Amino acid sequence: KSQDLFEERKFMKKILLVLLPLLLLVSTSALAQGNAEAEAFRDAFLAGELSWDDVLERASEEGEVNWFHWGGSDSLNSWIETVVKPDLADLGIDLQTSRIPNTRDAVDLVLADDTAGRGVGEGAVDAIWINGENFFTLASQDLMFGAYADLLPNSKYFNLDTSDPASGVNLFDFGYPTEKREVPWSGSQYVCLIDTARLSRESAPSTFAELETLLRDDPGRFTYVRPPHYQGNTFVQTVLYAHNPEGTGAEPFQKNASDFTAEELTALMTPGFEYLKRLEPYVLGGGGEDGKRGSPIYPENHKANETLLVNGEVDMQCRFDIYGVAIGIEDGTLAETTENIIFPEGNMIANKNFIGVPINAPNPAAAMVLANLLSDPANQISKLSELGYALGVDVPLLSEEDQAAVVEAAPDLSGVTFAELAESTVPDTNASLVDVIETIWIEYIERQSDEPLGDIVATALTATEE
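These notes cover the structure that comes with them. (Residues numbered from 1 in each chain as written. Predicted model: local features only at pLDDT ≥ 70, side-chain atom pairs only at ≥ 80, totals over all residues. Heavy atoms only, no water.)

What to know about unusual backbone geometry
Link 1 in the chain: Between Pro227 and Pro228 the backbone carries a cis peptide bond, its omega angle lying at 15 degrees.
Link 2 in the chain: Going from Phe343 to Pro344, the amide bond is cis rather than trans, its omega being -10 degrees.
Link 3 in the chain: Here Pro344 is to be found in the loop between strand 10 (338-341) and strand 11 (348-356).
Link 4 in the chain: In this model, Glu179 sits at a positive phi of 50 degrees, which is unusual for a non-glycine residue.
Link 5 in the chain: Looking at the secondary structure, you find Glu179 in the loop between strand 5 (176-177) and strand 6 (182-195).
Link 6 in the chain: Despite not being glycine, Gln448 shows a phi value in the positive range, around 55 degrees.
Link 7 in the chain: Its place among the elements puts Gln448 in the loop between helix 17 (431-446) and helix 18 (453-465).
Link 8 in the chain: Residue Gln448 is classed as partly exposed on the basis of its relative accessible area of 29%. (Helix = DSSP H or I, 4+ residues; strand = E, 2+ residues; numbered from the N terminus. Buried < 20%, exposed > 50% of the residue type's maximum accessible area, 1.4 Å probe, protein only.)

Below is the structure:
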């Protein structure tokens, strides 16, 4: 299956190379010929010439907003239907949701609309729950609506000052500048959890060296999500950070892929990928000894990985979800003996996810209203309380009353503290490197390619340049 996926990607890239000049011509002319009223609204809004009442009036005239978001959570879907939809209805806007399994589905639809000549106001997607590679794909092709984040009334709850280091998490998405083309909606950090009934806190690893020792002593008691799923990519990225031969952790991984030669990137990534290859016989399904790969099991997503933990097949799981243990214990999906741990110490990736609006949004005013509504402190606190989704707004900018409500609403961190998480927080990998890393993993780890790692890195890096 992975080989088919890899070959399909190479084939599609070849096709795109042939069609790209034509697509660019079609796309450019299409955007110049969008809906005149929508173009006029976009220009006036981005220029700061409209009041928020003007935006609300136009949004009511548009009458609906099409929001594409990951739909794999019943609790999230219910929250949207019972909280967000009624609030929008009060403003004369009907919320239409498209619950997609993968954000890329929405991105591909925006790209298809653009290729088909559907310009400003003529597409199918108003807003996307988005970040990372998917934002990079649209933003690097100038397919975002524009710099709108600081034009919303609720922008006062975000640090957006380029001179303030605290704004970095809002102004960069996987190392790529947002330029205020998306507004934060939620935050997250990569954290690992254990079932203390099987693996005590004292025995739990805090470093990758300790994880390797643990698995050599007790093979098969851990695995990680299969790349290219973002949860799997993140595990691989944390391995690369921890094994950075320069000793600078996440720092070089903030650079754009184009800033590396193949030789430089190979030197940077070799220790981490050698660790993953060395670890593979000892993950779930592995052969249990050096040189005996076995049939390693890499679950397709974090839910499948959680099932392995719940069923007692593994003792430890890693994922983006600092409140997930508390929520899981409360709803009965996790054992009461489950706890978060600090792992990997010093390399726990944190980021925010955003609401992005594509340039060809059919209801651009309603999309602005949706983004603003989702940034409202009351809805942010409700989302935290009901779903355990971390805030997208910046807590110090909230009123004292709302800050107190945040403390009250937050689920338990179940075994760790905010201070401990902060001490190990590192930024996400630059979006342009993510495809490179996942391609290397598929070739070098999953497919067990006989090619030298340097050649695999060079091929993956060239593919991104193309």
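Read on, since the account is not over.
Brief notes about the pattern of salt bridges
Side chains carrying opposite charge are able to pair once their charged atoms draw close together.
Link 1 in the chain: Under the criterion given, the structure shown has 20 salt bridges.
Link 2 in the chain: Between Glu62 and Arg58 there is a salt bridge whose closest N-O contact spans 2.9 Å. Linking Glu62 with Arg58, this pair stays in helix 3 (residues 52-62), spanning four residues, or about one helical turn.
Link 3 in the chain: For Glu212, the salt bridge is made with Arg278, and the minimal N-O distance between the two is 2.9 Å. Taken together, the residues span a long stretch of sequence, with Glu212 in helix 8 (residues 208-217) and Arg278 in helix 10 (residues 262-279) at a distance of 66 residues.
Link 4 in the chain: The class of Glu212 is buried, set by a relative accessible area of 12%.
Link 5 in the chain: Through salt bridges that share partners, Asp195, Arg198, Arg221 and Asp315 make up one connected network. (Salt bridge = Lys/Arg side-chain N within 4 Å of Asp/Glu carboxyl O.)

Focus: helix 2 (residues 36-46)
Link 1 in the chain: Along helix 2, the residues that are buried comprise Ala38, Glu39, Phe41, Arg42, Ala44 and Phe45.
Link 2 in the chain: At the N-terminal boundary of helix 2, the capping side chain belongs to Asn35, with an oxygen 3.0 Å from the backbone nitrogen of Glu37.
Link 3 in the chain: Phi turns positive, to about 75 degrees, at Gly48, one or two residues after helix 2. (Polar contact = N/O pair within 3.5 Å; in protein donor to acceptor, adjacent residues only side chain to side chain.)

Structural notes on the layout of surface pockets
Link 1 in the chain: Estimates place the volume of the second largest pocket at around 860 Å³.
Link 2 in the chain: Lining the second largest pocket we find 36 residues, and of these Val169, Ser188, Ala350, Asn351 and Lys352 sit closest to its centre.
Link 3 in the chain: Every element with two or more residues in the lining of the second largest pocket is listed here: helix 7 (168-171), strand 4 (172-173), strand 6, strand 11, strand 12 (390-391), helix 15 (400-409), helix 16 (418-423) and strand 13 (425-426).
Link 4 in the chain: For the lining of the second largest pocket, the class distribution of residues is 21 nonpolar, 11 polar and four charged. (1 Å grid on protein atoms, 1.4 Å probe; cavity = no way out; pocket = protein on both sides within 12 Å on 5 of 7 lines; lining within 4 Å. Points joined across faces, edges and corners; volume = space filled by probe spheres on them. Nonpolar A, V, L, I, M, F, W, Y, C, P; charged D, E, K, R; others polar.)

A closer look at the packing of helix 4 (residues 74-90) against helix 13 (residues 364-374)
Link 1 in the chain: Put simply, helix 4 and helix 13 touch, their axes get as near as 11 Å, and they point 130 degrees apart. Between helix 4 and helix 13, the angle is such that the two are oblique. Note on packing geometry: the crossing formed by helix 4 with helix 13 is right-handed. Residue-level contacts link Val84, Asp87 and Leu88 of helix 4 to Val369, Leu370, Leu373 and Leu374 of helix 13.
Link 2 in the chain: Split into classes, the residues belonging to the contact of helix 4 with helix 13 amount to six nonpolar, no polar and one charged. (Axes fitted to C-alpha atoms, helices over the stretch in contact; angles between N-to-C directions. Parallel < 35°, antiparallel > 145°, perpendicular 65-115°, else oblique. Left-handed = near helix turned anticlockwise from the far one by under 90°. Contact = heavy atoms within 4.5 Å.)

Considerations on the packing of aromatic side chains
Link 1 in the chain: Counted by the stated rule, this structure contains 19 aromatic pairs.
Link 2 in the chain: Pairing Tyr224 with Phe235 gives two aromatic rings, centres 4.4 Å apart and planes at 20 degrees, and the pair type is stacked. A residue pair is termed long-range when its members are at least 10 positions apart, and Tyr224 in the loop between helix 8 and helix 9 (230-242) and Phe235 in helix 9 qualify at 11 residues.
Link 3 in the chain: For Phe235, a relative accessible area of 0% translates into the label buried.
Link 4 in the chain: Here Phe273 and Tyr444 contribute two aromatic rings whose centre-to-centre distance is 6.5 Å and whose plane-to-plane angle is 85 degrees, an arrangement assigned as edge-to-face. One end of the pair, Phe273, is in helix 10; the other, Tyr444, is in helix 17, with 171 residues separating them in the sequence.
Link 5 in the chain: A connected cluster of aromatic rings, assembled from ring pairs, spans Phe208, Phe222, Tyr224, Phe235, Tyr275, Tyr298, Phe343 and Trp441.
Link 6 in the chain: If you follow Lys277 out to its NZ or CZ, it ends over the ring of Tyr444, 3.6 Å from the centre. (Phe/Tyr/Trp six-rings, centres within 6.5 Å; stacked < 30°, edge-to-face > 60°. Lys NZ or Arg CZ within 6 Å of the ring centre and 35° of its normal.)

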